[in-house]
Amino acid sequence: MKIRRLMIGAPKSGSGKTIMTCALLQALKDKGQQVISYKCGPDYIDPMFHEKVIGISSKNLDTFFTEEEETKRLFLNSAVEGGFAVLEGVMGLFDGLGGIKEEGSSYHLAKVTKTPIILVVDVKGMGRSMIPLLLGFLSYDKENLIQGVLLNRISKGYYEIVKPYIEKELKITVLGFLPERREFHIESRHLGLVMPEELNNMKETLQLVSKEFLKTVSIESIMELGTQAEKLEWTSKAEVVEKEENYTSFFLKKDICRREKPVIAVAKDEAFCFYYIDNILMLEENGAEIKYFSPIYDKKLPDGCQGLLLGGGYPELYGEKLSKNRQMCAAVREAAERGMPVVAECGGFMYLHSSIIDKEGNCYHMAGVIPSTCFYTGKLVRFGYIEIQERKRYFLPEGEKIKGHEYHYFDSDCQGEDAIAMKPVSGRTYSCIIEDEKRWMGFPHLYYPSNPAFAKEFVKKAEEYKV
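All residue numbers refer to position in the chain's written sequence, counted from 1. With pLDDT at 70 or above as the cut-off, local features in this predicted model cover only qualifying residues; side-chain atom pairs require 80 or more to be listed or tallied, and sums for whole chains, interfaces and linings still use all residues. Excluding hydrogens and water, the side-chain values take into account all heavy atoms of the structure.

K.L.:
Just to check I follow, could you spell out the pattern of salt bridges for this structure?
P.N.:
When their charged atoms lie close together, side chains carrying opposite charge are able to pair. Criterion for a salt bridge: a side-chain nitrogen of Lys or Arg within 4 Å of a carboxyl oxygen of Asp or Glu. Counted according to the given criterion, the structure contains 20 salt bridges. Among the salt bridges present, the one from E69 reaches K72, with a minimum N-O distance of 3.0 Å. Taken together, the positions of E69 and K72, both in helix 3 (residues 68–78) and 3 residues apart, correspond to about one turn of that helix. Between buried and exposed lies partly exposed: a residue is buried under 20% and exposed over 50% of the maximum accessible area for its type, with that area taken using a 1.4 Å probe on protein chains only. Judged by relative accessible area, K72 falls into the buried class, the value being 12%. Between E406 and R382 there is a salt bridge, and its shortest N-O distance comes to 3.4 Å. Under the scheme used here, helices are H or I runs from DSSP no shorter than 4 residues and strands are E runs no shorter than 2 residues, and both carry numbers assigned from the N terminus.

Given below as structure tokens:
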């Protein structure tokens, strides 16, 4: 497929990738382009900004989670021929696994998808020193993917002075700039941005940034760069299907079209909103019907549900509301006690505990499936990519792993001993996950396409559960 596309990357986190990406997406949308966005790496919040604030489709791509051909397939399956795809990078452009490997980096994703890169550089407090900084990144770019530069937090007057120097010495196009404005800053929490709905007038702010972007950046030149992206090819779908069948050879094959779809209830509201769209799609592709519910507002689970998925989020911020909804807490606890298949990740795992103690010391009663308490630690706990293998086979084929990641400031005395997590760079291992034939509960966030057997088995368990 011939897809117009480009990546917004940067030398480091905090350079302005997200605000530049959002401004570009809004500008392209306002120009009538059919736009889709992608976020590099395990990030839930940036895609929410793209979807909720700008109103365009967004999903994640990660070359650690999926091999190169599968990454290309996931990209092309959601891209639209004739559309315009914008990929937002993560961290520094070359920062991959452990901060040292190429795999998992923005650059690796750009290389795999053959996507031109625009480098966003925060140059506040810099003068001519920005030239050797850029020179280093250009020299390290062996694939010559960096095709343009955007300067962030620079005045119009100084931009007009420094732009010709950069272009003359480095032979790279400087596409524009954004001045420093307080309203152009998006607040952060922990490792990522705060949720879109927490920011007042966010849509108006992005409209303002987009208007400024159109005045200070050459959108025509950016679109031309995207048009120059070459045709992208991938392994045929038949080969991919055959590969996925090999992954799940030990499972009983059934004709999905001839069976009634099992309903999987998915928790989704302000407290639980961290989901990879490809995970949900994979459940649907394996025959599940998805019904969303709110642990904050609803009093019961969706009628007829046969499985329960509780994703990540910030339950600690909504502890009082979750705790006061005793009917939902009881419904979730009773469903688990009846043997309904349950998958819970991070925030969802916390909700299943007896209680959560937040950073201020407030204690909130939760669903009580796990007889323990989650508590705030004041620091990151077991942060980063992992590969998970079960001690006893319940959700995965014997000896196989699924990839995921952890990032949380809360911990539990009951984090689980039923699986082993391994850090891909250091090889360090630790125990995690509480599981049995029907339940998988723990802090790790999973990416189902890294091992499609997990989604297939979850749906199979839901199908076999009798309401």
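K.L.:
For this particular structure, what's the right way to read the environment of K401?
P.N.:
Within the secondary structure, K401 is located in strand 19 (residues 401–412). A relative accessible area of 33% means that K401 is categorised as partly exposed. The spacing of K401 and I386 is 15 residues in sequence and 9.8 Å in space, taken between C-alpha atoms. Contacts of K401, omitting those with residues within four sequence positions, involve E387, I388, Q389, L396, M422 and N451. Any two residues whose heavy atoms approach within 4.5 Å at even a single point are treated as in contact.

K.L.:
Looking at this model, I keep getting lost on the packing of helix 5 (residues 130–140) against helix 6 (residues 156–170). Mind explaining?
P.N.:
Helices that pack against each other are described as a pair by the angle of their axes relative to one another and the distance between those axes. The axes are straight lines fitted to the C-alpha atoms, using for helices just the contacting stretch, and the angles between their N-to-C directions are given from 0 to 180°. The interhelical angle for the contact between helix 5 and helix 6, taken along N-to-C directions, is 40°, at an axis separation of 10 Å. The angle between helix 5 and helix 6 places the two elements in the oblique class. Both helix 5 and helix 6 take part in a crossing whose hand is right-handed. Contacts between helix 5 and helix 6 involve M130, I131, L134, L135 and L138 from the former and Y158, V162, Y165, I166, E169 and L170 from the latter. Geometric relationships in this document are graded by angle, where less than 35 degrees denotes roughly parallel, more than 145 denotes roughly antiparallel, 65 to 115 denotes roughly perpendicular, and other angles denote oblique. When the near helix sits turned anticlockwise from the far one by under a right angle, the crossing is termed left-handed; a clockwise turn instead gives a right-handed crossing.

K.L.:
Looking at this model, I keep getting lost on the packing of helix 1 (residues 17–30) against helix 8 (residues 219–227). Mind explaining?
P.N.:
Direction vectors running N to C along helix 1 and helix 8 enclose 90°, while the axes themselves pass 12 Å from each other. In this view, helix 1 runs roughly perpendicular relative to helix 8, as classed from their interaxial angle. Along the contact surface, helix 1 presents L24, A27 and L28, while helix 8 presents I219, I222 and M223. Residues are grouped as follows: nonpolar covers Ala, Val, Leu, Ile, Met, Phe, Trp, Tyr, Cys and Pro; charged covers Asp, Glu, Lys and Arg; every other residue, Gly included, is treated as polar. The residue inventory of the contact of helix 1 with helix 8, partitioned by class, reads 6 nonpolar, no polar and no charged.

K.L.:
Looking at this model, I keep getting lost on the side chain of S450. Mind explaining?
P.N.:
Assignment of secondary structure puts S450 in the loop between strand 24 (445–446) and helix 14 (453–464). Judged by relative accessible area, which is 10%, S450 ranks as buried. What qualifies as a polar contact is a pair of N or O atoms within 3.5 Å, subject to a donor-acceptor requirement within protein and to the restriction that residues adjacent in sequence count only when both atoms come from side chains. At a separation of 3.0 Å, a polar atom in the side chain of S450 contacts the main-chain amide nitrogen of K403. In terms of polar contacts, S450 uses its side chain to reach the backbone carbonyl oxygen of Y447, at 2.7 Å.

K.L.:
Explain helix 6 here, please?
P.N.:
Because each turn of an α-helix spans 3.6 residues, side chains separated by three or four positions in sequence point in the same direction. By this rule, a helix spans an expected 1.5 Å times one less than how many residues it contains. Across its 15 residues, helix 6 extends 21 Å between first and last C-alpha, which sits within 8% of the 21 Å expected from 1.5 Å per residue. Residue V162 marks the point of greatest curvature in helix 6, where the axis turns by about 30°; the proline P164 follows within four residues. When helix 6 is considered as a whole, its buried residues turn out to be Y159, V162, I166 and L170. Next to the buried residues of helix 6 lie helix 5, strand 6 (146–152) and strand 7 (173–178). Here the bend at each residue means the angle between axes fitted to two seven-residue stretches, the one ending at that residue and the one beginning there.

K.L.:
Can you walk me through the sheet that holds strand 10 (residues 263–267) in this structure?
P.N.:
Think of a sheet as strands paired side by side through backbone hydrogen bonds, with each pair either parallel or antiparallel. Paired strands, as defined in this entry, are two strands with at least two bridges between them according to DSSP. The 6 strands lie next to each other as 12-10-13-15-23-22, forming an open sheet whose pairing is mixed. Since the sheet does not close on itself, it has two edges, and those belong to strand 12 (289–293) and strand 22 (434–435), each with one partner. Strands in contact with helix 10 (residues 277–285) are strand 10, strand 12 and strand 13 (307–310); relative to strand 12, the strand with the most contacts, it is inclined by about 135°.

K.L.:
Sorry, what's going on with a nonpolar patch on the surface here?
P.N.:
On the surface, Y158, I161 and Y165 cluster together to form a nonpolar patch covering roughly 300 Å² of accessible area. Mapped onto the elements, I161 comes out in helix 6. What makes a patch is a set of residues exposed beyond 30% relative accessible area and free of salt bridges, joined within 9 Å when like-charged and within 5 Å when nonpolar (Val, Leu, Ile, Met, Phe, Trp, Tyr). Accessibility throughout is a Shrake-Rupley quantity obtained with a 1.4 Å probe, and a residue counts as covered only by protein chains that appear here.

K.L.:
Before we go on, may I ask you to explain the sheet that holds strand 3 (residues 57–61) in this structure?
P.N.:
Read across the open sheet, the 7 strands follow the order 3-2-4-1-5-6-7; overall the sheet is parallel. With one partner strand each, in any of the chains shown, strand 3 and strand 7 form the two edges of the open sheet. This sheet shows a mean twist of 25° between the axes of neighbouring strands, independent of strand direction. In this fold helix 4 (residues 106–113) packs onto strand 1 (4–9), strand 2 (35–40), strand 3, strand 4 (84–88) and strand 5 (117–122), with an angle of close to 165° to the strand it touches most, strand 1.

K.L.:
Where do I start with the nonpolar core in this structure?
P.N.:
Put simply, buried Ala, Val, Leu, Ile, Met, Phe, Trp, Tyr and Cys residues joined by side-chain atoms within 4.5 Å make one nonpolar core. In terms of nonpolar packing, the biggest core is built from 82 residues, with L24, F75, L93, L151, I166 and F213 touching the most fellow members. Take this core: its biggest share by element is 8 residues, from helix 1. Apart from the residues within four sequence positions on either side, L151 is in contact with M20, V121, V123, M130, Y159, V162, I166, V174, G176, F177 and L178. Counting 69 residues, the second largest nonpolar core, distinct from the first, contains V342, Y351, I388 and M441.

K.L.:
Before we go on, may I ask you to explain the side chain of D269 in this structure?
P.N.:
On the secondary structure map, D269 appears in the loop between strand 10 and strand 11 (272–274). Polar contacts involving the side chain of D269 include one to the main-chain amide nitrogen of A271, which spans 2.9 Å. The contacts of D269, once residues within four sequence positions are left out, are S294, P295 and I296.

None of this, on its own, says anything about what the molecule does.
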